[in-house]
Amino acid sequence: MLSAEKAQDEASLSTDSGRGVGAATAVPRETGLLAKLRRFEERLDAKLGIESEAISRKLPEDKGHVPWHHQLNMFFLWASGTMNTSCFATGFLGHEFGLTRLIVLCSAALRQSIVITIFASILGGAATGFAATFGAPTGLRQISMSRYAFGWWPNKVIAALNTIVQIGWASVACITGGLALTAVADGHISLIVGIVILAVVATLISFVGLRAILVYERYAWFVFFIIFIIFFAETGKYTDNSNTPKLKGADLSGQVLSLIAIVYGSSASWQTMASDYYVHYPINVSRWKVFLMTTFGIAIPTSIGMLAGCVVSFGMNNRPDWQEVYDNDGLGFLIQTMLYPRGFAKLILTLLVLSGINVNVISIYSAAISCQQFSRPFARVPRFIWILVCFAAILGLAIGGREQLSVYLENFLSLLGYWTTQYFVILCSEHVIFRRMSFDNYDLDAWNDPSRLPLGIAAGTAFAIGIVAWILGMVETWYVGPLGGLIGADGGDVANEFTFVVTALVYIPARYLEKKIVGR
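Just so we're clear, the structure is a prediction, and the values are computed from it rather than from any experiment.

1. Re unusual backbone geometry
Here comes step 1: Look at the link from Tyr340 to Pro341: it is a cis peptide, with omega at -10°.
Here comes step 2: Within the secondary structure, Pro341 sits in the loop between helix H18 (331-338) and helix H19 (342-371).
Here comes step 3: One non-glycine residue, Asp186, lies in positive phi territory at about 55°.
Here comes step 4: Looking at the element boundaries, Asp186 is found in the loop between helix H12 (154-184) and helix H13 (191-208).

2. Overview of the pattern of salt bridges
Here comes step 1: Taken as a whole and assessed by the stated rule, the structure comprises 8 salt bridges.
Here comes step 2: For Asp186, the salt bridge is made with Lys346, and the minimal N-O distance between the two is 2.9 Å. Placement of the pair is Asp186 in the loop between H12 and H13 and Lys346 in helix H19, with a sequence separation of 160 residues.
Here comes step 3: Measuring nitrogen to oxygen at the nearest pair gives 3.4 Å for the salt bridge that ties Arg511 to Glu514. Residue Arg511 and its partner Glu514 are located together in helix H24 (residues 495-518), separated by 3 residues, close to a single helical turn.
Here comes step 4: Using a relative accessible area of 1% as the deciding quantity, one classes Arg511 as buried.
Here comes step 5: By relative accessible area, which is 6% here, Glu514 ends up buried.

3. What to know about the packing of H12 against H19
Here comes step 1: Between H12 and H19, the least distance of the axes is 8 Å, while the angle of their chain directions is 165°. Judged by the inter-axis angle, H12 sits roughly antiparallel to H19. Once H12 is placed against H19, the crossing between them reads as left-handed.
Here comes step 2: Partitioning the contact of H12 with H19 into residue classes produces 15 nonpolar, 10 polar and 1 charged.

4. Focus on the nonpolar core
Here comes step 1: The biggest cluster of nonpolar side chains holds 119 residues, and the ones touching the most others in it are Trp78, Phe88, Phe231, Tyr277, Ile335 and Met338.
Here comes step 2: Counting residues per element, this core draws most heavily on H19, at 15 residues.
Here comes step 3: Aside from chain neighbours lying at most four places away, what touches Ile335 is Phe88, Phe231, Ala345, Leu349 and Leu352.
Here comes step 4: Ranked by size, the runner-up nonpolar core spans 9 residues in total, among them Cys87, Leu259, Ile260 and Tyr264.

5. A short note on the packing of aromatic side chains
Here comes step 1: All chains considered together, the criterion is met by 26 aromatic pairs.
Here comes step 2: Plain terms: the ring middles of Phe130 and Phe424 are 5.6 Å apart, the flat faces sit at 80° to each other, and that makes the pair edge-to-face. One end of the pair, Phe130, is in helix H8 (residues 110-132); the other, Phe424, is in helix H22 (residues 405-434), with 294 residues separating them in the sequence.
Here comes step 3: Judged by centre distance (6.2 Å) and plane angle (90°), the ring pair of Phe434 and Tyr507 falls under edge-to-face.

6. Comments concerning helix H16 (residues 287-315)
Structurally, the α-helix is built with 3.6 residues per turn, so residues lying three or four positions apart point the same way.
Here comes step 1: Under the 1.5 Å per step criterion, the end-to-end length of H16 is 42 Å for 29 residues, consistent within 8% with the ideal 42 Å.
Here comes step 2: Judged by how many residues are buried, H16 sits mostly within the fold: 22 of 29 residues are covered.
Here comes step 3: A side-chain oxygen of the first residue of H16 lies 3.4 Å from the backbone nitrogen of Trp288; this N-cap is Ser286.

Parameters at a glance
- Every chain begins its residue count from 1, and numbering advances along the sequence as written.
- Local features in this predicted model are restricted to residues whose pLDDT is 70 or higher, and side-chain atom pairs enter the listing and the counts only when it is 80 or higher, whereas totals over whole chains, interfaces and linings include all residues.
- Only hydrogens and water are set aside; all other atoms, that is, all heavy atoms of the structure, feed into the side-chain values.
- By the criteria applied, helices consist of DSSP H or I runs no shorter than four residues and strands consist of E runs no shorter than two, each listed in order from the N terminus.
- Salt bridge, as applied in this entry: a Lys or Arg side-chain nitrogen positioned within 4 Å of an Asp or Glu carboxyl oxygen.
- Burial classes follow relative accessibility: with a 1.4 Å probe on protein chains only, a residue under 20% of its type's maximum area counts as buried, one over 50% as exposed, and anything between as partly exposed.
- As a rule, the C-alpha atoms of each element are fitted with a line to give its axis, helices using only the stretch in contact, and angles between N-to-C directions run from 0 to 180 degrees.
- When describing relative orientation, an angle under 35 degrees is termed roughly parallel and one over 145 degrees roughly antiparallel, while 65 to 115 degrees is termed roughly perpendicular and anything else oblique.
- Rotating anticlockwise by less than a right angle from the far helix to the near helix defines a left-handed crossing, while the corresponding clockwise rotation defines a right-handed one.
- In this classification, the charged set is Asp, Glu, Lys and Arg, the nonpolar set is Ala, Val, Leu, Ile, Met, Phe, Trp, Tyr, Cys and Pro, and all remaining amino acids, among them Gly, are polar.
- Residues grouped as a nonpolar core are buried Ala, Val, Leu, Ile, Met, Phe, Trp, Tyr and Cys residues, joined through side-chain atoms within 4.5 Å.
- Residues are treated as being in contact if the distance between any of their heavy atoms lies within 4.5 Å.
- A pair of Phe, Tyr and Trp rings is counted when the ring centres sit within 6.5 Å of each other, with Trp represented by its six-membered ring. The angle between the planes then sorts it: under 30 degrees is stacked, over 60 is edge-to-face, the rest tilted.
- Expected span of a helix, by definition, is 1.5 Å for each gap between consecutive residues, and there is one gap fewer than residues.
- Nitrogen and oxygen atoms within 3.5 Å of one another constitute a polar contact, given that in protein one can donate a hydrogen and the other can accept it, and given that sequence-neighbouring residues count only through two side-chain atoms.

Any functional reading would require information beyond the geometric quantities listed.
Here's what the structure looks like:
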């Protein structure tokens, strides 16, 4: 048994899992810059608990008891990460671009918009909730877990896409938080300085690791829940849709489908990082509890934030002064204008700055873990180095896109749901059909061994063909696919629905063949 454990440690080191890096008794002491940095990270881990072995599997015997009130983090973590100015700003997309697919639903049929937003948020949140259930039983981060469906090589594409998603979300949060900070300072703090402040604070919290993140996010959500209730209370009376014509037939169907795609993409995009925050839970924690608390921890706060933005954006039709401030000075000054009294508005804006930190913290943390799984050499680089790299990328994107927030949001959110739908189909099919919904059918010790994992031929093929499917069905400002363009005058986004079917039809038979021929 001891020799097997020693062999496992050596295998982990040879494949750069980060496990046992400092164990001089297992292998000769490494030298070089990376080795010194890893030893430095281990010393920091011993003193601060910064997770020097973040991507390593958390074994059942290494997990402690998690009290019931700490298990509420399954809800609070996502509530803090999603109920923010980024979701609020998403509600302005239709108004900013003049898109009939969003502005009509947010004005002509506000009640329809509420139903659609809640439905799409729950749908996307459910996909994330399913992915979250893998964390506790396996002790593996989400990207590590998906190796059992995507294989060693195709999974590197998933790791790269996840990193892009998290850096993109963090950049959006920096811009919206920076806009709030600029308004608080009456323009005396530039947007660039605000972006830098948001990124630095979030990076420091992410640097410490999961322990600090869970403590911070446990309480942060409540502040923003109160803020959005205030938004509804002070701005709802200006919402009046009586003068806007309503769509019918195929035109209405097209707008509904497109709005669903935007909201669903926002909620579903968290699934490629979901289990990162559950690896410390005991393996016998209820999977239904994990699923439900994650699903609604995303769906409810996302709906609150987006609907608040939707209501305020339509209020501009009755408050031209809001429209003028929004067009000329941006989101932060709009919030300051629409709330009263002014001193209270400044307090709200100050608190809203923190909402940008909420999403940045979890995005930076998971992006760094994904970076370590690009390749074996990248796994040798300590997590805190990758956090700094992600910090630099976020600053570059946020500063570069600061003047076109709505364009940034539209182009970014439009693509999230598409590929995460493919991810869900492949992960779910593998678990339900080929693993028979039992974690006993996973060789969890093989998580970092390419020779024992699937080759990923089926997943890679299905993913590639699925991309073609969502290109055919998408409807965006910059491109309308041939299938999406058939629904109504402005098109209806059916990319998620089409790629769901196509990915499943390709992956399931291909995986049967792969298992029969290759045997794993």
